[in-house]
Amino acid sequence: MYIQNPGDRNTLSLRNNIIKVKGEGEIAVQPDTASVNLGVVTEGKELISAQQQNSNVGNKVIDSLIALGIDRNQVQTFDYRIEPNYDYDQGKQIFRGYKVTHILEVKIDDLSIIGKVVDTAVQNGANYVTNVQFTTRYKDSYYQQALVMALNNASSKAKTIANTLRVTLNPTPILVTEGTDVIQPFESQHVAFAKGVSSTQILPGQLQIKASVAAEYKYHPIGG
């Protein structure tokens, strides 16, 4: 016979004298690194001309970021595309030219300059900004803390169930299975910035780092 709480998936096996519980731990931390995608999108009738213009503007954006103190190794190409552009007139496809898109991924260690990075890029020709994300260099350390919390949570649940049923719990679990770790960063929505935007404020918020475990405990009747 089994008794199960469908809300938190804790299970009591009367036949095998086993209590199965799920433990969860969560810790909120301040991010210490960020990344943002900055792009240059160029359209033109002649492909070579559009490519050259895109390259010139892209190099100007990169140079401006390096002048801010961003290491060149922290700027890399995220995506590069050349696409034909068409207009449609009464179902007829009319070639309009080419679109060249060069997207950079920029990693930022100093969170205080994120807005300045965006503004500087836009002022120097970037016309596409998206995917601002925050994370931490110390994810593993924080995850270990969340994992301890998850184990303690599982132990507390097992003790509560045992005390309620008036049985004796073996405090050492016979099985522990680690769940998938989760980090929930602050992430901006897709935004296309227009030239002339200034004093952009981008707030890092907090990261939620989660851990979970599934644990099984043996129990026996009091005096048994």
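Residues numbered from 1 in each chain as written. Predicted model: local features only at pLDDT ≥ 70, side-chain atom pairs only at ≥ 80, totals over all residues. Heavy atoms only, no water.

Caption draft 1: Representation of the overall build of the chain within the structure. Secondary structure summary: the chain contains three helices and eleven strands in total. Its helices and strands in sequence order give the chain the pattern β-β-β-β-α-β-β-α-β-α-β-β-β-β, from N to C terminus. Across the 224 residues in the chain, those meeting the buried criterion constitute 37%. For the chain, the proportion of contacts with a sequence separation of at least 24, taken over those separated by at least 6, is 79%. By element, 49% of the accessible surface of the chain is carried by carbon and sulfur atoms, the whole surface being about 13100 Å². (Helix = DSSP H or I, 4+ residues; strand = E, 2+ residues; numbered from the N terminus. Buried < 20%, exposed > 50% of the residue type's maximum accessible area, 1.4 Å probe, protein only. Contact = heavy atoms within 4.5 Å. Areas by Shrake-Rupley, 256 points an atom, 1.4 Å probe, with all protein chains shown as cover.)

Caption draft 2: The arrangement of the packing of aromatic side chains in detail. Following the criterion strictly, the structure yields two aromatic pairs and no others. The interplanar angle of 70° and the centroid separation of 5.8 Å between the aromatic rings of tyrosine 86 and phenylalanine 95 together place this pair among those described as edge-to-face. Linked through ring pairs, Tyr86, Phe95 and Tyr98 together constitute an aromatic cluster. (Phe/Tyr/Trp six-rings, centres within 6.5 Å; stacked < 30°, edge-to-face > 60°.)

Caption draft 3: Structural context of the nonpolar core. With 44 residues, the main nonpolar core has Val36, Leu38, Leu65, Ile70, Val106, Ile108 and Phe134 as its most contacted residues. Look past the residues within four positions of isoleucine 108 in its chain and what remains in contact with it is Thr33, Ala34, Val36, Ile70, Ile113, Ile114 and Val117. (Core = buried A, V, L, I, M, F, W, Y, C linked by side-chain atoms within 4.5 Å.)

Caption draft 4: Broad picture of unusual backbone geometry. We note that asparagine 131 has phi near 60°; this positive angle belongs to a residue other than glycine. Unlike most non-glycine residues, arginine 166 shows phi in positive territory, near 60°.

Caption draft 5: View of empty space enclosed by the protein. Taken as a whole and judged by the stated rule, the model has one cavity of 30 Å³ or more. For the largest cavity, the calculated volume is near 30 Å³. Lining the largest cavity, in full, are Leu38, Gly39, Val40, Gly58, Val61, His102, Leu104 and Ala126. Elements with a contribution of two residues or more to the lining of the largest cavity: β4 (33–44), α1 (47–67) and β6 (92–108). At three residues, β4 tops the list of elements feeding residues into the lining of the largest cavity. Partitioned by chemical class, the residues of the lining of the largest cavity number five nonpolar, three polar and no charged. (1 Å grid on protein atoms, 1.4 Å probe; cavity = no way out; pocket = protein on both sides within 12 Å on 5 of 7 lines; lining within 4 Å. Points joined across faces, edges and corners; volume = space filled by probe spheres on them. Nonpolar A, V, L, I, M, F, W, Y, C, P; charged D, E, K, R; others polar.)

Caption draft 6: Quick look at the pairing of β6. Bridge count for β4 against β6 is eleven bridges, and the pairing is antiparallel. Across the sheet, residue glutamate 43 finds its bridge partner in β6, namely lysine 99. Here strand β5 (residues 75–89) pairs with β6 via 14 bridges, running antiparallel. Across the sheet, the residue bridging to arginine 81 is threonine 101, located in β6. Here β5 folds back onto β6 in antiparallel fashion, the turn holding two residues, of which glutamine 90 has a positive phi close to 55°. (Pairing = 2+ DSSP bridges.)

Caption draft 7: Highlighting the pairing of strand β11 (residues 207–221). When strand β3 (residues 18–29) meets β11, the two strands line up antiparallel, connected through twelve bridges. Along β11, the bridge assignment pairs glutamate 26 with lysine 210. Examined bridge by bridge, strand β8 (residues 167–169) and β11 share three bridges and lie antiparallel to one another. Opposite threonine 168, over in β11, you have histidine 220 as the bridge partner. Note: strand β9 (residues 175–178) against β11, four bridges, orientation antiparallel. Along β11, the bridge assignment pairs glutamate 178 with valine 213.

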